[in-house]
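Descriptive structure summary
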Amino acid sequence: MKVFINKIIPEIGFKLLDEVGIAYTVWKEKPILDRGQAIQFCKGHDAFISVGQAGLDADFFKECNHLKVVALHSVGFDGVDIKAATENGVPVGNTPNVLNKATAETALLLMLTVARKALYLHNKIKKGEWGASQPTQDLGFDLAGKTLGIVGLGRIGTELAKIVTQSWGMKILYHNRSTNDEAEKELGAKKVSMDELLVQSDVVSVHTALTPETKGMFGMEQFKKMKPTAIFINTARGGVHKEDELTEALRQRIIWGAGLDVTNPEPMSKDNPLLEMENAVVFPHIGSATKETRDEMSRCAVENVIAGLKGDPLPYPVNP
Ligand code: DGY
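All of these numbers come straight from a predicted model, not from anything done at the bench.

1. Description of the domain arrangement of the protein chain
- If you check the domain split of the protein chain, you get domain 1 (2–96 + 290–310) and domain 2 (100–282).
- The straight-line distance from the C-alpha centre of domain 1 to that of domain 2 is 32 Å.
- Taken residue by residue, the interface counts four residues in domain 1 and four residues in domain 2.
- When grouped by side-chain class, the residues that make up the side of domain 1 that touches domain 2 number no nonpolar, three polar and one charged.

2. Quick look at the UniProt feature "domain: D-isomer specific 2-hydroxyacid dehydrogenase catalytic" (unreviewed entry) in the protein chain
- UniProt's feature table lists "domain: D-isomer specific 2-hydroxyacid dehydrogenase catalytic" (unreviewed entry) at residues 15–319, given in the numbering used throughout.
- With 37% helix and 13% strand, residues 15–319 has end C-alpha atoms that lie 27 Å from one another.

3. Digging into the sheet that holds strand 7 (residues 171–175)
- An order of 8-7-6-9-10-11-12 is seen for the seven strands of this open sheet, with the pairing classed as parallel. The outermost strands of the open sheet, each flanked by one partner alone, are strand 8 (190–191) and strand 12 (280–282).
- Relative to strand 8, strand 7 runs parallel, the two being bridged by two bridges. Its bridge partner lying in strand 8, L173 is registered against K190.

4. Some thoughts on the packing of helix 5 (residues 100–115) against helix 7 (residues 155–168)
- In contact at an axis separation of 8 Å, helix 5 and helix 7 are set at 60 degrees when each is read in the N-to-C sense. For the element pair helix 5 / helix 7, the angle class is oblique. Crossing hand, helix 5 versus helix 7: right-handed. Side by side, helix 5 and helix 7 meet where N100, K101, T103, A104, A107 and L108 of the first sit next to R155, I156, E159, L160 and I163 of the second.
- For the contact of helix 5 with helix 7, the class distribution of residues is six nonpolar, two polar and three charged.

5. Overview of the site of the ligand
- Close to the ligand lie S74, V75, G76, L99, G287 and S288, which account for all nearby residues.
- Taken together, the residues of the shell around the ligand sort by class into two nonpolar, four polar and no charged.

6. Quick look at the UniProt feature "domain: D-isomer specific 2-hydroxyacid dehydrogenase NAD-binding" (unreviewed entry) in the protein chain
- When the UniProt feature table is mapped onto this chain, "domain: D-isomer specific 2-hydroxyacid dehydrogenase NAD-binding" (unreviewed entry) is found at residues 109–287.
- Here residues 109–287 is 33% helix and 15% strand, with 10 Å between the C-alpha atoms at its ends.

7. Thoughts on the environment of G76
- Looking at the element boundaries, G76 is found in the loop between strand 4 (69–72) and helix 4 (82–87).
- In this view, G76 contacts A209 and R237; residues no more than four positions away in its chain are not counted.

8. What about the nonpolar core?
- Counting 48 residues, the largest nonpolar core has M111 and I231 as the members making the most contacts within it.
- The leading source of residues in this core is helix 5, at seven residues.
- When sequence neighbours within four positions are dropped, the list of residues in contact with I231 reads M111, V114, A115, V203, W256, G257, A258 and G259.
- Counting residues in hydrophobic clusters, the runner-up holds 36 residues, among them C64, L67, A71 and F77.

9. A few points about the environment of D142
- Here D142 is to be found in the loop between helix 6 (118–126) and strand 6 (147–151).
- Expressed as a C-alpha distance, the spacing of D142 and L112, which sit 30 residues apart in the sequence, is 8.9 Å.

10. Digging into the packing of helix 1 (residues 11–19) against helix 12 (residues 291–310)
- Here helix 1 crosses helix 12 at 30 degrees, and the two axes come no closer than 7 Å. With respect to helix 12, the axis of helix 1 lies roughly parallel. Judged by the sense of rotation from one axis to the other, the crossing of helix 1 with helix 12 is right-handed. Together, I12, G13, L16 and L17 of helix 1 and D295, S298, R299, A301 and V302 of helix 12 make up the contact between the two elements.
- A class-by-class count of the residues in the contact of helix 1 with helix 12 yields five nonpolar, two polar and two charged.

11. Details of the sheet that holds strand 3 (residues 47–50)
- Spatially, 2-1-3-4-5 is the arrangement adopted by the five strands of the open sheet, whose pairing is parallel. Each edge of the open sheet carries a strand with a single partner, namely strand 2 (23–26) and strand 5 (92–93).
- Pairing of strand 1 (residues 2–5) with strand 2, which is carried by four bridges, proceeds in the parallel orientation. The residue of strand 2 that forms the bridge with I5 is V26.
- Against the sheet, helix 12 engages strand 1, strand 3, strand 4 and strand 5, with an angle of about 170 degrees to strand 4.

Here is what the cut-offs are and how they apply
- Residues numbered from 1 in each chain as written.
- Predicted model: local features only at pLDDT ≥ 70, side-chain atom pairs only at ≥ 80, totals over all residues.
- Domains from an automatic or database assignment.
- Contact = placed C-beta atoms within 7 Å.
- Nonpolar A, V, L, I, M, F, W, Y, C, P; charged D, E, K, R; others polar.
- UniProt positions renumbered as here; feature names shortened; annotations may be inferred.
- Helix = DSSP H or I, 4+ residues; strand = E, 2+ residues; numbered from the N terminus.
- Pairing = 2+ DSSP bridges.
- Axes fitted to C-alpha atoms, helices over the stretch in contact; angles between N-to-C directions.
- Parallel < 35°, antiparallel > 145°, perpendicular 65-115°, else oblique.
- Left-handed = near helix turned anticlockwise from the far one by under 90°.
- Near = placed C-beta within 6 Å.
- Core = buried A, V, L, I, M, F, W, Y, C linked by C-beta atoms within 7 Å.
- Buried ≥ 20, exposed ≤ 12 C-beta atoms within 10 Å, placed from the backbone.

Now the structure itself:
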């Protein structure tokens, strides 16, 4: 039994594979594999650990229906045709829960960086502009005591809500299809309509999956409903906001600022105007990029592979 891995995953994953005697081929080169090459490699293997979801469409699953498991090295699976995987008898697994804290911390980092204009001020120093600043200059705003609106109060959103309510006394509004009883009881979170969330929040943070319903959910219409002093944060998927409309909203100061860990497309072009704007902060999709979290993701992916190769149910399944 052999597994193909399309990028270098943390060592813990290779150790687990060695322990159970599963052989592997790892693509270590740059540039990353194109779709055709990935299919060719998969044809010679029984399982696939996929870092990233590009190309896992209906054709891929038809071509690679011999695979006993596709183990995603991510929690998100919006780029994977799960229906086609199921129809072709390929179990798909992901890495849920283990990245909740790291992603919530990334949202927090973006919130603080934007609220305190940290990146803009850092760049001012680099340009030699650390002059005699006045007490009225370069002011940010406190997050403590403010209202955080969470769109998608699932596992990651709840983790963020815990940190900001316990440490900063922030109030939580949320917009979800379902009610999060636990967050309501323990964190005082209040479920509201999308409009109410937009109007009342000082920070709006997106934690929803990318689905046909959430695609392009944030555009000028939504930004105009937000306070002019509010911050928009997205650590979920870039497709949830309309990037050109966000850029325009920031340019016109319709909202105070935005912090993005996800863009559309990824990677973002170095010429993107958001990178030059003083009220925007962009990270290169680092939500899960901590040593501890990536180790755990690697472990989950390999556990899915081990189960799939034995024909057992996956511990972290995605197919219904
Ligand atoms: C995920 O796991 O889906 C995160 O976005 C990191 O890629």
